[in-house]
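Commentary on secondary and tertiary structure
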Amino acid sequence: MSDCSQNKIHVAGLIGDSIVDGPGLRAVVFVQGCDKRCPGCHNPEAQSFEGGTAYTPEEIFEKIRKSPLCRGVTFSGGEPLCQAEALIPLAKMLREAGYELAMYTGDIYEQVMAAGGAKAELVRLVDVLIDGPFLQEQKSLLLRFKGSKNQRIIDVPASLEQGDAVLVTAERWVGEQ
């Protein structure tokens, strides 16, 4: 993926009107490439680092802005953290424009933040992080916006403030508790 060094984001797909990748009408950026290879992955065609379409952050931002009803964006995959450096400018544009930004990752929040670098910088830019690998043996169709029971829906701003992972409690994300 030589284009990634030029800040291009390799995308497996873009959806402008999803209601299954976070609450409300959302745009979803499915990045190309994943290093996890979780058995039972819901998006196995996005695992390969080959293929996809290369876009600049500005090109993706303009596509998202075309939907006047969209107020949230989700980075999914593939594995977004594999393209953290390329996604950071897009995340900054989305935040500045007032979009709620969510991201799925097979990594664990605490480990990403402890390691620092571009991955931690990208996580700091999102509002909600769904972390943890998909585990087939913990799969549940009753979970809202996550695939297996081990995954967490994390309130990133609150986590940064408290210095530890804080789970989202908003009903729009987790349903009635």
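Our subject is the structure that appears above.
Keep in mind that this is a model prediction, so the values were computed, not measured. (Residues numbered from 1 in each chain as written. Predicted model: local features only at pLDDT ≥ 70, side-chain atom pairs only at ≥ 80, totals over all residues. Heavy atoms only, no water.)

1. Details of the overall build of the chain
- Secondary structure summary: the chain contains 6 helices and 7 strands in total.
- Scanning the chain from its N terminus toward the C terminus, one meets helices and strands in the order β-β-β-α-β-α-β-α-α-β-β-α-α.
- Over its C-alpha trace the chain gives a radius of gyration of 15 Å, about what one expects of a compact globule, namely 16 Å for 177 residues.
- Within the chain, the proportion of its 177 residues that are buried is 47%.
- Looking at the chain alone, contacts between residues at least 24 apart form 63% of all its contacts between residues at least 6 apart.
- For the chain, the computed accessible surface area is about 8,800 Å², with 50% contributed by carbon and sulfur atoms.
- Of the charged side chains in the chain, 18 are positive and 24 negative; the average position of the first set lies 2 Å away from that of the second. (Helix = DSSP H or I, 4+ residues; strand = E, 2+ residues; numbered from the N terminus. Rg over C-alpha atoms; globule rule 2.2 N^0.38 Å. Buried < 20%, exposed > 50% of the residue type's maximum accessible area, 1.4 Å probe, protein only. Contact = heavy atoms within 4.5 Å. Areas by Shrake-Rupley, 256 points an atom, 1.4 Å probe, with all protein chains shown as cover. Lys, Arg positive; Asp, Glu negative; His and termini not counted. Charge placed at Lys NZ, Arg CZ, Asp CG, Glu CD.)

2. Quick notes on the side chain of Gln47
- Summarising the element assignment, Gln47 is placed in the loop between strand 2 (26-31) and strand 3 (53-55).
- Taking relative accessible area as the criterion, Gln47 reaches 14% and is therefore assigned buried.
- In this structure, Gln47 is in contact with Gln32, Gly33, Cys34, Arg37, Cys38 and Cys41, ignoring residues within four places of it in sequence.

3. Description of the nonpolar core
- With 35 residues, the main nonpolar core has Ile64, Phe75, Leu94, Leu122 and Val123 as its most contacted residues.
- Among the elements of the structure, strand 1 (9-18), strand 2, helix 1 (57-65), strand 4 (72-76), helix 2 (84-96), strand 5 (100-104), helix 3 (109-115) and helix 4 (117-125) are those that each provide at least two residues to this core.
- The element best represented in this core is helix 2, accounting for 8 residues.
- The residues touching Val123, leaving out its near neighbours within four places in the chain, are Leu81, Met103, Tyr109, Val112, Met113, Leu129 and Val156.
- With 8 residues, the next largest nonpolar core counts Ile130, Phe145, Ile153 and Val168 among its residues. (Core = buried A, V, L, I, M, F, W, Y, C linked by side-chain atoms within 4.5 Å.)

4. Quick word on the side chain of Asp131
- Position of Asp131 among the secondary structure elements: in strand 6 (residues 128-131).
- Here the side chain of Asp131 touches Tyr109 through a polar contact of 2.9 Å, landing on its backbone nitrogen.
- In terms of polar contacts, Asp131 uses its side chain to reach the side chain of Arg152, at 2.6 Å.
- Those residues in contact with Asp131 that lie beyond four places of it in its chain are Thr105, Asp107, Ile108, Tyr109, Gln151, Arg152 and Ile154. (Polar contact = N/O pair within 3.5 Å; in protein donor to acceptor, adjacent residues only side chain to side chain.)

5. Quick look at the pairing of strand 5
- Of all 5 residues in strand 5, 5 are buried, a share of seventy percent or more.
- Here strand 5 shows a buried face lined by Glu100, Ala102 and Tyr104 and a second buried face lined by Leu101 and Met103.
- Note that strand 4 and strand 5 share 4 bridges and pair parallel. The residue of strand 5 that forms the bridge with Gly72 is Glu100.
- Crossover strand 4 to strand 5 through helix 2 is right-handed.
- In this structure, strand 5 lies alongside strand 6, joined through 3 bridges in parallel fashion. By the bridge assignment, Ala102 is partnered in strand 6 with Val128. (Pairing = 2+ DSSP bridges. Right-handed = clockwise from strand over helix to strand, strands pointing away.)

6. Describing the pattern of salt bridges
- The full count for this structure, using the stated rule, is 8 salt bridges.
- Between Glu121 and Lys92 there is a salt bridge, with the nearest N and O atoms lying 3.7 Å from each other. Of this pair, Glu121 sits in helix 4 while Lys92 is found in helix 2, placing the two residues 29 residues apart along the sequence.
- Through salt bridges that share partners, Arg26, Glu100 and Arg172 make up one connected network. (Salt bridge = Lys/Arg side-chain N within 4 Å of Asp/Glu carboxyl O.)

7. What about the packing of aromatic side chains?
- For the structure on display, the rule yields 1 aromatic pair.
- Between Phe145 and Trp173, the aromatic rings sit 5.4 Å apart at their centres with planes inclined by 70°, giving edge-to-face as the arrangement. Note that Phe145 is positioned in the loop between strand 6 and strand 7 (152-155) and Trp173 in helix 6 (residues 171-174), a separation of 28 residues in sequence. Of the two residues, Phe145 and Trp173, both sit in the buried class.
- The ring of Tyr99 carries Arg71 above its face, with NZ or CZ at 4.5 Å from the centroid. (Phe/Tyr/Trp six-rings, centres within 6.5 Å; stacked < 30°, edge-to-face > 60°. Lys NZ or Arg CZ within 6 Å of the ring centre and 35° of its normal.)

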